[in-house]
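Here is how the chains run, residue by residue.
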Amino acid sequence: SDYELHIRAGAGENADFLFTAGDGTGASMNVNNGGNFEIWPPSGRDTVLRNGSGVATLIVDTGPNAIVQTFDSSASPYMLLLQQGGVGDSAIDFYISTSGQEYTMGIDNSDSDKFKIASSSALGTNDRLTIDTAGNVGIGNTAPSTSLTITKNRAGFGTYGTIQLTNSSMITTAGNEISFMTSEVNQSYRSSIRAFATVGGATDGGTLQFLTTDTSS
């Protein structure tokens, strides 16, 4: 046999392994009749996973605070790694069963590896916040082209109320710009507030401009 210890249950039964401490408390591990591997700590006690040095690295807590805790005293840059080696997303889901409210956050593997927060059970559906690999942030926009793009959709009217904060390359003097975008069928406008700075020794005196541009073409 390839096993040092083999526990085999009868038909329809669990395969159990029981540990009993000196004070009479017991814990068990089993493979249940459905094929799931389970660990059962004593009632009211925690399940603790320790590393080779005896440090508790993972605790499943029965207390009133965190149910699952991780602990690390090393210089590791992270304490939890979610690694996707296939075509799926690397994501975490948050769900309130009493209300049905659900959020998912993580890396969308099918959309250029953007980091997203979605109000659904899957990234790519009802995405609320997006950060692309260039660092551009989109709120209500999954394809931000500037440092921050905020988009609101209104049924029958397209997009409106868009705010973009950018170090714009569309103007000859580098500066910061706030743009309010309105987009309807065959018609788009951008109203901008631009604050110019000094570039290459040429100073425009910190000009503040207000302008509206037809961007339909």
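Rules used throughout
- Residues numbered from 1 in each chain as written.
- Predicted model: local features only at pLDDT ≥ 70, side-chain atom pairs only at ≥ 80, totals over all residues.
- Heavy atoms only, no water.
- Helix = DSSP H or I, 4+ residues; strand = E, 2+ residues; numbered from the N terminus.
- Polar contact = N/O pair within 3.5 Å; in protein donor to acceptor, adjacent residues only side chain to side chain.
- Contact = heavy atoms within 4.5 Å.
- Patch = residues over 30% accessible without salt bridge, like charges linked within 9 Å, V, L, I, M, F, W, Y side chains within 5 Å.
- Areas by Shrake-Rupley, 256 points an atom, 1.4 Å probe, with all protein chains shown as cover.
- Salt bridge = Lys/Arg side-chain N within 4 Å of Asp/Glu carboxyl O.
- Buried < 20%, exposed > 50% of the residue type's maximum accessible area, 1.4 Å probe, protein only.
- Pairing = 2+ DSSP bridges.

Q: Quick question: what am I supposed to make of the side chain of Thr104 here?
A: Checked against the element boundaries, Thr104 lands in strand β8 (residues 102–108). A polar contact is formed between the side chain of Thr104 and the side chain of Asp93, at a distance of 2.8 Å. One polar contact links the side chain of Thr104 to the main-chain carbonyl oxygen of Ser120, over a distance of 2.7 Å. Non-local contacts of Thr104, meaning those with residues more than four positions away in its chain, are made with Ala91, Ile92, Asp93, Lys116, Ile117, Ala118, Ser120, Ser121, Ala122 and Leu123.

Q: Got a minute to help me understand a nonpolar patch on the surface in this structure?
A: On the surface, a cluster of nonpolar side chains totalling about 480 Å² of accessible area is made up of Phe94, Tyr103, Met105, Ile107, Phe115 and Ile131. Residue placement: Phe94 occurs in strand β7 (residues 90–95). On the basis of relative accessible area, Phe94 is assigned to the partly exposed category, the value being 42%.

Q: I'm lost on the pairing of strand β5 (residues 56–60) in this one. Help?
A: The side chains of a regular strand alternate, residue by residue, between the two faces of the sheet. As paired elements, strand β4 (residues 47–50) and β5 share four bridges and run antiparallel to each other. Bridged to Thr47 within β5 is Val60. Joining the antiparallel neighbours β4 and β5 is a turn of five residues, in which Gly54 adopts a positive phi near 85 degrees. As defined by bridge partners, β5 adjoins strand β6 (residues 68–70) across three bridges and the pair is classed as antiparallel. Bridge pairing in β6 links Ile59 to Gln69.

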